[in-house]
Amino acid sequence: MNRLITTTLVALFVSSSWATSNQETITPNSPPFALSLEQLEQWSPQSKWVDSRNVATIPLARRDTATLFGYDGNPVIQDRAAKVLYAPDGMNNFGNYLAHQPKFNLYNFTHWSDIDILNWFAGTAKHTVQIPARPWVDAAHKNGVKVIGSVFLGVAQWGGSADTVEQLLIQDAEGRFLLADKLIHIAQFYGFDGWLINQETDLTSVKDKNNNLVEGEKNAARGQKLATKMLAFVQYLTANAPSGMEIHWYDSMVASGEVKWQNELNEVNSRYLSDKNLRSSDAIFLNYWWNKGMVDKSVNHAKKIGRSAYDIYTGADMWPQRNAQTAFVVTDWYNWLFSDGRAKTSIAIFAPNFNYNFGGDDKSEAFSLFQKDSTDYARYYATEQRLFVGDDLNLAFLDKQGWPGIASRLSASTPHLSLPFTTSFNTGHGLHLFDNGHKTATPWSDMAAQTALPTWQFAIFGASSNSQFHVSYHFDDAFQGGSSLKIKGEDSRVRVPLFATRFAITKNSELQVTTKNSLSGMAIYLIDANKKRWTFSLSSSKDWQTSTFPLSALAGEQVLELGLITEKGDVAIDGLLGKLMVTQ
């Protein structure tokens, strides 16, 4: 894989130097987040490689399909059989922290409803095992999104070695793969959801004592032997992983031990998904150099071996400097993944972090400079929004040309299945930290502090294609956390669905809405299971105010959608939504 970078607590453990250190900065390649194979061999809950602060505190939430209703009240689109894996390139460089960070412009993510799995994609030739950071796992789990770590076996010319692979594959006298058991234990201990096995070492390569490639020499016999053992390792890992833990294989190594990307599921690589009716892995992540015909071949071969086509994650490399599915430039690939509105396979989005750390080159301008310039957050957020909802930044419109957005044909999901429901639209970082509308601290980041964010970001129904009605995150003022939701524009027919829900209202339930500035003419609405819309008018105030609305009239009703709607025409809207709560 080309790259930019070269639930249950099962035991008590003693504190260590890692657990007691005051971690104020990101630590890309050190425990507890990154382990060499030597450290993996020694790992136990009592070892010095453990940090108790990295144990996830949020179990994986249940979630349901989120149906988006159009302006006419009919469901919009969308397929939900396919899954989306999201793999930012270099999560060790972006997210390896455990406490509040004194910096706003760290990497962040908000579109949890549009993905199913976050892959903690990272690794170096030495740091083979990459463990997700607890703040990100907690944020994902709140939204029902799994997080899988990475086992990276590097490209030979970048330091990868067949010796390293052989070390990973050690077995005891009973044939158990000892380090596979360690991987399972680590995932259980820290509370994340599985592993991507990214084996990119050419096992036929020969190296000297300094780990330099010996040109012109190959050891085919050793390569084939290790490749056979690697397949057995993955099968063992998959068979012994507990229910719910996922093991994914990346499309790279073949039976000879050589690295030969197939870019489709076929006779060459399908053994790493299923081999003679034996389940080798839960999913395969295909490389990026494919076309429409190859997608169809993958689907047909999955049927042939008795596996779902949705166990195939067809890879899309979005990085602007690589010639694959270049972000917003190459767009046909997305259409190739669908037929009659149905996704053919699942999708793996690789390197979507171009909105953060792509600084531009002679061919492409930077999408944002947020990594270096904290004031450039609007472009950073708009680019992530564009990735999911298309060039027009509005999911209510289907982009007929250009980039349509990942979410344009795939239904979102919602974890909001029961009461109470609450959000302060806090994205998990801020220029300031606010408490009840009062500014209390300087710039900060902590993904674990992220609250529920809109299911759809954003769909503005009723607005014309050139409307200036906008919804966005606002960081200069907030009620709780680091951000609020800004609503600005003037349009008489706008509806903005925010949250898909499945909760039932009780006779004591209340809607509480905290707002600021000019929101007269807007209302919060709820849509019940009978598609009846209930509206609750908002008012304007120069200070933060909380309005409470009894919901006893809806007692027993299930609420399917919660959002914003205009009630009056020709009224200028320019206000903030700071907190939204539906009580039990």
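Above this text sits the structure in question.
These lines cover the structure that appears in this document, whether it is placed above or below. Keep in mind that what you see is a predicted model, and the values were worked out from it rather than measured. (Residues numbered from 1 in each chain as written. Predicted model: local features only at pLDDT ≥ 70, side-chain atom pairs only at ≥ 80, totals over all residues. Heavy atoms only, no water.)

In terms of helices and strands, the protein chain carries 11 helices and 33 strands. Rg of the C-alpha trace for the protein chain: 25 Å, near the compact-globule value of 25 Å for 584 residues, within the 12% margin. Across its three principal directions, the C-alpha atoms of the protein chain cover 75 × 55 × 50 Å. Of all 584 residues assigned to the protein chain, the portion counted as buried reaches 60%. Roughly 22,200 Å² of accessible area belongs to the protein chain as shown, and the carbon and sulfur atoms make up 48% of that amount. Side chains of the protein chain carry 52 positive and 57 negative charges; the gap between the two charge centres is 3 Å. (Helix = DSSP H or I, 4+ residues; strand = E, 2+ residues; numbered from the N terminus. Rg over C-alpha atoms; globule rule 2.2 N^0.38 Å. Buried < 20%, exposed > 50% of the residue type's maximum accessible area, 1.4 Å probe, protein only. Areas by Shrake-Rupley, 256 points an atom, 1.4 Å probe, with all protein chains shown as cover. Lys, Arg positive; Asp, Glu negative; His and termini not counted. Charge placed at Lys NZ, Arg CZ, Asp CG, Glu CD.)

Here we take up unusual backbone geometry. For the bond running from Pro 31 to Pro 32, omega is 5 degrees, close enough to zero to count as cis. Locating Pro 32 in the fold gives a position in the loop between helix H1 (17-20) and strand E1 (34-35). In this structure, Phe 458 follows Gln 457 across a cis peptide bond, with omega equal to -5 degrees. As for its placement among the helices and strands, Phe 458 is situated in the loop between strand E23 (444-445) and strand E24 (470-474). Phi at Asp 340 takes a positive value of approximately 55 degrees, unusual for a residue other than glycine.

Attention now moves to the sheet that holds strand E21 (residues 433-435). Spatial ordering of the open sheet is given by E22-E21-E25, a layout of 3 strands whose pairing is antiparallel. Looking at which strands have only one partner, the edges of the open sheet turn out to be strand E22 (438-441) and strand E25 (480-481). With 2 bridges joining them, E21 and E25 adopt antiparallel strand pairing. In the strand pairing of E25, Asp 435 is matched with Gln 480. (Pairing = 2+ DSSP bridges.)

A few words now on the environment of Asn 108. Considering the arrangement of structural elements, one finds Asn 108 in the loop between helix H3 (91-95) and strand E4 (117-119). A relative accessible area of 1% means that Asn 108 is categorised as buried. For Asn 108, the contacting residues outside a window of four places in its chain are Trp 136, Tyr 380, Tyr 381, Glu 384, Thr 427, Gly 428, His 429, Met 447 and Gln 450. (Contact = heavy atoms within 4.5 Å.)

Turning our eyes to something else, we now look at the pairing of strand E29 (residues 522-528). With respect to burial, E29 is a largely interior element, 7 of its 7 residues being buried. Of the two faces of E29, both are covered, the one formed by Met 522, Ile 524, Leu 526 and Asp 528 as well as the one formed by Ala 523, Tyr 525 and Ile 527. The pairing of E29 with strand E32 (residues 559-566) spans 7 bridges and is classified as antiparallel. Residue Tyr 525 lies in a different strand from E32, and its bridge partner there is Gly 563. As paired elements, E29 and strand E30 (residues 533-537) share 5 bridges and run antiparallel to each other. Residue pairing for E30: Leu 526 is matched across the bridge by Trp 534. Once E29 ends, the chain turns through 4 residues before running back antiparallel as E30, passing Lys 531 with a positive phi of about 70 degrees.

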